[in-house]
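So you can see what is in the structure, the chains are spelled out below.
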Amino acid sequence: MAGSAELGQIAAKAADDLIDRFPAFVSATGPDRELVGVALSGMARAGLFDLGYLRFDADRISAEDMKRAVSVVAALAARSLSLTTIYMVNAIFGGAFVAQMATSQQKRDVLPAIREGRLQLAFAMTEPDAGSDASAIATQAVATGQGFLLSGEKIFTTGASSADYILVVARNSGDEKRAVSLFLVPGDAEGVSIEPLARVSANAHASCRMAMRDVRLGPKQLLGGPERLGKAWPIMRVSGSLERIVVAATAAGLADAIIVRALSFAKERRQFGQSLVSFQSLQHLLVEMRTAHVGMGLFIEHALRMLAEGEPEQAASMAKYHCAEQLQEIVAKGMRIMGGRAFFSFEQMSRYYCEAPFSLYAGGTAEIQKNLIARSMGIG
Ligand SMILES: Cc1cc2nc3c(=O)[nH]c(=O)nc-3n(C[C@H](O)[C@H](O)[C@H](O)COP(=O)(O)OP(=O)(O)OC[C@H]3O[C@@H](n4cnc5c(N)ncnc54)[C@H](O)[C@@H]3O)c2cc1C
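Basis of the calculations
- Residues numbered from 1 in each chain as written.
- Predicted model: local features only at pLDDT ≥ 70, side-chain atom pairs only at ≥ 80, totals over all residues.
- Helix = DSSP H or I, 4+ residues; strand = E, 2+ residues; numbered from the N terminus.
- Rg over C-alpha atoms; globule rule 2.2 N^0.38 Å.
- Buried ≥ 20, exposed ≤ 12 C-beta atoms within 10 Å, placed from the backbone.
- Contact = placed C-beta atoms within 7 Å.
- Pairing = 2+ DSSP bridges.
- Axes fitted to C-alpha atoms, helices over the stretch in contact; angles between N-to-C directions.
- Core = buried A, V, L, I, M, F, W, Y, C linked by C-beta atoms within 7 Å.
- Parallel < 35°, antiparallel > 145°, perpendicular 65-115°, else oblique.
- Left-handed = near helix turned anticlockwise from the far one by under 90°.
- Near = placed C-beta within 6 Å.
- Nonpolar A, V, L, I, M, F, W, Y, C, P; charged D, E, K, R; others polar.
- pLDDT = per-residue confidence, 0-100.
- Domains from an automatic or database assignment.
- Arc of directions from axis to C-beta.

This part takes up the overall build of the chain. Counting secondary structure elements, the chain contains 14 helices and 9 strands. Compactness check: the chain gives a C-alpha radius of gyration of 21 Å against a globular reference of 21 Å for 380 residues, within 12% of the reference. Counting all 380 residues of the chain, 51% fall into the buried class. By sequence separation, contacts in the chain at least 24 residues apart represent 73% of the contacts at least 6 residues apart.

Here it is in structure tokens:
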């Protein structure tokens, strides 16, 4: 099995090949199910789904697996946000929930298909007590004699328009707020309507408004079976930490691409008879950017170490909060270094500028991370 650094290099090459063959991974203006399928099978062939919890009947995610996933995500994020979310939603968010919660039969049905890149998942998640998205909490699961009836809405469900299954968080209206369950909702189930929303970038894998009206689900679609009814909350806490570490890695990967681009431009562009990079003010900007980027890596390493020690929550929130904020500073400096070119779509820095805020929202905003950190300090 490739180590994390090697897997990152493999991911970089796989992403470059995919983008060479299908520039729409960078430039698509709308969702494309076929293209998502091409990405997943290309990733599977390259071995990017070679993660322990997807390969074996593991019920927990090891820190080593996360280290490998983090390397993949950072490499993808430097190249294409669409490829990044395709990998994250399927291999990490979807795969992690199935690995930690599903019945043996559900694992047999889903995990090999993820690993082989022949199944598309989406994920409509919320954290009830962090209040990160009230609409998903409002998704009601009413138990019937034959199964469940789901009704509710969830905005920004990434990949929903192409998903075979959408993992939906829901709870019974009368139950306490943490009594949540997870359902495997077929993307084409009667009563599900999905509207892709245009994003400022990375539209091949669209984030969608999803509405469910009396969607009938059999008992087999309750993830983990009857024992897990209303008991998904502890797993959501763990998965929330994984998501935050991975989003931090997205920020670090994009930061690196921004620095590489800004540095190469500063070396090649000449003004007043000298290259831009010879101006000390620009050298300082580049130094600030690289120093911040190294700091991001340290935060992520710390979060991975705390994951290995079974205490990932505070470190994951700090990593995600810190990396997302640092990325906004780095991209602003990148824009400055490029001069007027940065304002034009032919220049890739303008795409980075559009993609950078993704890490501010995914996995919960900075304010939510601060709330979680405050709680972990005993003051929230
Ligand atoms: C591109 C993209 C893809 C996404 N994909 C998915 C997906 O696949 N699945 C999924 O489940 N979700 C997804 N999301 C949703 C994402 O998790 C939410 O956008 C995020 O949690 C923030 O919620 P919100 O957008 O509703 O903002 P709001 O909750 O409306 O927040 C608005 C502002 O109020 C602040 N705020 C809100 N509550 C508090 C509070 N308690 N204390 C202090 N400040 C607060 C926020 O920090 C923010 O500044 C995606 C989002 C984006 C942008």
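The antiparallel open sheet is built from 4 strands, whose spatial order is β2-β3-β7-β6. Of all the strands in the sheet, just β2 (140–143) and β6 (192–197) have a single pairing partner and so form its edges. Looking at each pair of strands side by side, their axes are set apart by 10 degrees on average, direction ignored. Pairing analysis gives 6 bridges linking β6 to strand β7 (residues 207–217), with the strands arranged antiparallel. Bridge pairing links I194 to M210 in β7.

Counting 129 residues, the largest nonpolar core has V73, L167, F183, I245, A248, I300 and A303 as the members making the most contacts within it. Per element, the largest residue contribution to this core is 16 residues, and it comes from helix α9 (residues 233–268). Once residues within four sequence positions are removed from consideration, L167 is found in contact with G94, F97, L121, F123, A124, L182, L184 and L223.

Direction vectors running N to C along helix α5 (residues 63–77) and helix α10 (residues 280–308) enclose 155 degrees, while the axes themselves pass 9 Å from each other. Relative to α10, α5 is oriented roughly antiparallel. Our pair here, α5 against α10, has a crossing hand that is right-handed. Of the residues in α10, those in contact with A63, M66, K67 and V70 of α5 are I300, L304, L307 and A308.

Neighbouring the ligand are 19 residues; F156, T158, Y361, T365 and E367 lie closest to it. Here the shell around the ligand is composed, by residue class, of 8 nonpolar, 8 polar and 3 charged.

Among the secondary structure elements, F25 is positioned in helix α2 (residues 24–27). Overall, F25 belongs to the buried group, with 27 C-beta atoms counted inside 10 Å. Placed 218 residues apart in sequence, F25 and E243 show a C-alpha to C-alpha distance of 22 Å. Those residues in contact with F25 that sit more than four places away from it in its chain are L18, I19, A39, S80, S82, L83 and A204.

Mean pLDDT over the chain: 92, with 96% of residues reaching 70 or higher. Here residues 127–138 is a poorly scored stretch, pLDDT under 50, and it has 29 contacts once near neighbours within four places are set aside; other chains count.

Here we come to the domain arrangement of the chain. Each assigned domain of the chain is listed with its residue range as follows: domain 1 (4–120), domain 2 (123–228) and domain 3 (234–376). Computed over C-alpha atoms, the centres of domain 1 and domain 2 are 21 Å apart. Residue-level contacts link 24 residues of domain 1 with 20 residues of domain 2. Mapped by element, the contributors of at least two residues to the side of domain 1 that touches domain 2 are α2, α3 (33–46) and α6 (81–101). Top contributing element to the side of domain 1 that touches domain 2 by residue count: α6, with 9 residues.

This part takes up helix α14 (residues 366–376). The complete set of buried residues in α14 reads I368, Q369 and L372. Across the axial projection of α14, the buried residues extend over an arc of 100 degrees, all falling on one side. Opposite the packed face of α14, turned more than 90 degrees from it, sit the exposed residues E367 and A374. Residues of α14 that are buried in the fold lie against α11 (312–338).

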